[in-house]
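Spelled out from the first residue to the last, the chains are:
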Amino acid sequence: MDACLSIPEILPLLCDGLEAKDLLSTALSCRAFLEPALDKLWYHVKSFKPLIACLPEHLVELGTDIVSETIWKTTITTVILRRPIRSADLNRYQTQYSRRIRVFDLGCESRMFVIPSEVFEGLQSATDHKLGALTPLATELIWSSPHSAFPYLRLFLGQHVSKIHFEISPKVPEEVTMLRWASNHVHRFQLRISSLSIDNTEDRPDAFIPLIPWENLQELELSVGLVTLVAIPALMSAPRLVKLTMKLEAGENILRPPAPSPNHSLDNVISSLRCLDISTDDVHAALIALEYLPERNQLESLTCFLSGGDHFPSSTAHRFFDLISSKCNPQTFSKLRLLAFSTAREEDGIGYVDISALLSLSSLTYVNIMLPGLRVELTPEQAATIPSAWPRIEGLVVNISYGGSPICIPRPRIDHTDLITILRGCANLRDLGVHFDATSVGVEAAEQPNRGHGAEEKGEEGGDVEWPSSGLKQLIVSDLPIPSSPQMAAFLTAHIPGLKTLICFQPPYVSDADSTKYGQRWNDVASRIGASIKHCGY
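Basis of the calculations
- Residues numbered from 1 in each chain as written.
- Predicted model: local features only at pLDDT ≥ 70, side-chain atom pairs only at ≥ 80, totals over all residues.
- Heavy atoms only, no water.
- Helix = DSSP H or I, 4+ residues; strand = E, 2+ residues; numbered from the N terminus.
- Contact = heavy atoms within 4.5 Å.
- Areas by Shrake-Rupley, 256 points an atom, 1.4 Å probe, with all protein chains shown as cover.
- Salt bridge = Lys/Arg side-chain N within 4 Å of Asp/Glu carboxyl O.
- Buried < 20%, exposed > 50% of the residue type's maximum accessible area, 1.4 Å probe, protein only.
- Pairing = 2+ DSSP bridges.
- Expected span 1.5 Å × (residues − 1).
- Arc of directions from axis to C-beta.
- Axes fitted to C-alpha atoms, helices over the stretch in contact; angles between N-to-C directions.
- Parallel < 35°, antiparallel > 145°, perpendicular 65-115°, else oblique.
- Left-handed = near helix turned anticlockwise from the far one by under 90°.
- Nonpolar A, V, L, I, M, F, W, Y, C, P; charged D, E, K, R; others polar.
- pLDDT = per-residue confidence, 0-100.
- Phe/Tyr/Trp six-rings, centres within 6.5 Å; stacked < 30°, edge-to-face > 60°.
- Lys NZ or Arg CZ within 6 Å of the ring centre and 35° of its normal.
- Disulfide = S-S within 2.5 Å.

Q: Describe in detail the overall build of the protein, supporting the description with residues and values.
A: The helix and strand tally for the protein stands at 16 helices and 23 strands. Across the protein, every contact between residues at least 6 apart in sequence was considered, and the portion connecting residues at least 24 apart equals 75%. Entry remark: accessible area of the protein is about 25500 Å², with carbon and sulfur atoms responsible for 52%.

In structure tokens:
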């Protein structure tokens, strides 16, 4: 046992899964565990309490006050100084604990544990106003403390901080000043802003945009409130911004910037964005935002989450795909997620949506398109083109369900032979979810020899062609009907020998009896091929 404890890598791993109370016990149980357990215990500090607990007992006392809020009662603890703080009072904290902290998180708990300004001033004086004196090696700072603590941010903002989460209001000048000050002392950083009141217009993220220090900012998350389209040009053209996450305002009366023109200033901008995440209830707001993506960009990932339940016509989907194809750099763009929650109208039927525009984006590795109510599916021509158009594709999911639309779904355009074409041509494919017609999967199809195990096939000139085995691990079969479990199992075994998981969506438009029969067939398939199965609802 002693020999195992002498291996430095083992002890931190043993401490990783322990809770705080268990870490404390572990630290006291054995000398070998002391340092690793303390490192884990102090890695993520969520309150001022540990700091105060390290001060001499005769230096501070804790006062309590009970505040009634409707039916709830809250206990507020306040730190009270008995005398001025001296440098020696911090010896225990600074020599044994402060350098272990990597995440300093002042969340809601900090509002229940109040440190008056005179305590902070004493701490600053005792540390000679040194930046990051209390958390010298911290890399992440989460600051949602009351306004009174903001002027003392410098005590915790060391040279290693690269990620900052502020919960601030533009109406408080001290907080805005501190935000700008912090940006000037961090070489590269991520910023997450939560406004304090999402109902107050002055507290909405738009009010922050002109105040944000862009010079060193690499990641921005506007996590609370809605961004209007007026702010989009500034966000899209930020000089060093690599990742942008935001929620766009919806509605007919929202302010919108003028449509980009050939002489628009963004034409001369080289965007640094690599990852763009947009969520909105208004599909047209998302389209306008994408129009403001500079032509010269190196975007790698785009996620559009359309949460509104409004009608999403096929013409809008085509516009989305055309815009993505024209705006995104085919040399860098690799991940697309377009997810909507909408339904088709009875009078519209199901309009076919052509995704051919996306085939020009040759670096795509992951495509997930979910547009309920629309017929987004592959054609035989697209299935034949995908291996050469997307040679690096690893995940391909195209409308694995129609969201329970009451409109009758026509037979899929591709069948199992087109599926084989995709599997054979996409060597990196690991996750696949496409609608295909499985009704013709028969004994003659299922008994085709397993490619990649020495089986060969005649080529165009009579030569033998050996096909590599598919490396697919997960297949989403959606509401795919199958006539025979043994034949489908034989087909999957022959062409996807390494398949680990089947994901099956229960169709909402069939009776309970048929649904049970449907699920039993896929359970039988999974059992026959030795794969796990997950049943999901719409």
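Let us keep going from here.
Q: Explain the pattern of salt bridges to me, using residue names and the numbers behind them.
A: Summed over all chains, the structure comprises 10 salt bridges. The shortest N-O distance in the salt bridge between Arg82 and Glu61 comes to 3.5 Å. Placement of the pair is Arg82 in the loop between strand 3 (72–81) and helix 6 (91–96) and Glu61 in strand 2 (residues 60–69), with a sequence separation of 21 residues. With a closest N to O distance of 2.6 Å, Arg319 and Glu291 form a salt bridge. Separated by 28 residues along the polypeptide, Arg319 in helix 11 (residues 314–327) and Glu291 in helix 10 (residues 283–291) bring together distant segments of the chain. Taking relative accessible area as the criterion, Glu291 reaches 19% and is therefore assigned buried. In the salt-bridge network here, residues are joined through shared partners; they are Glu35, Asp39 and Arg100.

Q: Please set out the pairing of strand 21 (residues 474–478) residue by residue, giving values where relevant.
A: When you tally the buried positions in strand 21, you get 4 out of 5 residues, the bulk of the element. Of the pairings in the sheet, the one linking strand 18 (residues 431–433) to strand 21 comprises 2 bridges and is parallel in character. When the bridges of strand 21 are listed, Leu432 appears paired with Leu475. Of the strand pairs in this sheet, strand 21 and strand 22 (residues 501–505) are connected by 4 bridges, and their pairing is parallel. Opposite Ser478, over in strand 22, you have Cys504 as the bridge partner.

Q: How would you sum up helix 11? Please name residues and give values.
A: Relative to the 20 Å expected for 14 residues at 1.5 Å per residue, helix 11 spans 20 Å between its end C-alpha atoms, a close match to the ideal helical length. What helix 11 keeps buried is the set Thr316, Ala317, Phe320, Phe321, Leu323, Ile324 and Lys327. What you see down the axis of helix 11 is that its buried residues fit within an arc of 165°, all on one side. Buried residues along helix 11 sit against helix 10, strand 12 (301–306), strand 13 (335–340), strand 14 (352–353) and strand 15 (366–370).

Q: Break down the packing of helix 3 (residues 20–29) against helix 4 (residues 31–43) for me, with residues and values.
A: A packed helix pair is summarised by two numbers, namely the angle formed by the two axes and the spacing between the axes. Remark: helix 3 packs on helix 4, axes separated minimally by 7 Å, with the N-to-C direction vectors making an angle of 160°. Our classification of the angle between helix 3 and helix 4 gives roughly antiparallel. For helix 3 against helix 4, the interelement crossing comes out left-handed. Between helix 3 and helix 4, the residues in contact are Ala20, Leu23, Thr26, Ala27 and Ser29 and Phe33, Leu34, Ala37, Leu38, Lys40 and Leu41, respectively. Class assignment for the residues of the contact of helix 3 with helix 4 results in 8 nonpolar, 2 polar and 1 charged.

Q: Give me the lowdown on the confidence of the model for the protein, citing residues and values where you can.
A: For the protein, mean pLDDT is 79; residues scoring 70 or higher make up 75% of the total. By mean pLDDT, the top-scoring element of the protein is helix 12 (residues 380–389) (96), and the lowest-scoring one is helix 14 (residues 443–446) (47). Every residue in residues 344–348 scores below 50 in pLDDT, and together they form 9 contacts with partners more than four places removed in sequence or on other chains. Taken together, the stretch residues 402–408 has pLDDT below 50 and engages in 19 contacts with residues farther than four places along the chain or on a different chain.

Q: I'd like a description of helix 13 (residues 416–425), backed by residues and values.
A: In terms of burial, helix 13 is largely enclosed, as 7 of its 10 residues are buried. Where helix 13 is concerned, the buried positions are His416, Asp418, Leu419, Ile420, Ile422, Leu423 and Arg424.

Q: Talk me through the packing of aromatic side chains; I want residue IDs and the actual numbers.
A: The tally for this structure, following the rule as stated, stands at 7 aromatic pairs. With centroids separated by 4.7 Å and ring planes inclined at 15°, the aromatic side chains of Trp42 and Tyr97 adopt a geometry described as stacked. Here Tyr97 lies in the loop between helix 6 and strand 4 (103–106) and Trp42 lies in helix 4, a separation of 55 residues in the sequence. Side by side, Trp42 and Tyr97 carry an identical accessibility label, which is buried. Here the aromatic cluster, defined as three or more aromatic residues joined through ring pairs, consists of Phe48, Phe104, Phe120, Tyr152 and Phe156. The positively charged end of Arg413 is found above the aromatic ring belonging to Tyr352, 3.7 Å away from the centroid.

Q: Explain the state of the cysteines residue by residue, including any values.
A: Across all of its chains, the model carries 0 disulfides by this definition. Between Cys304, a free cysteine, and Cys328, which holds the nearest cysteine sulfur, the sulfur-to-sulfur gap is 9.4 Å.

Q: Describe the side chain of Ser470, naming the residues involved and giving the relevant values.
A: Take Ser470: it is sitting in the loop between strand 20 (464–465) and strand 21. The class for Ser470 is buried, based on a relative accessible area of 10%. Ignoring any residue separated from it by four or fewer positions in sequence, one finds Ser470 in contact with Leu423, His495, Ile496 and Pro497.

Q: Please set out the environment of Ser532 residue by residue, giving values where relevant.
A: Among the secondary structure elements, Ser532 is positioned in strand 23 (residues 532–536). With 58 residues separating them along the chain, Ser532 and Gln474 place their C-alpha atoms 9.6 Å apart. Apart from the residues lying within four places of it in its own chain, the contact partners of Ser532 are Lys500, Thr501 and Leu502.

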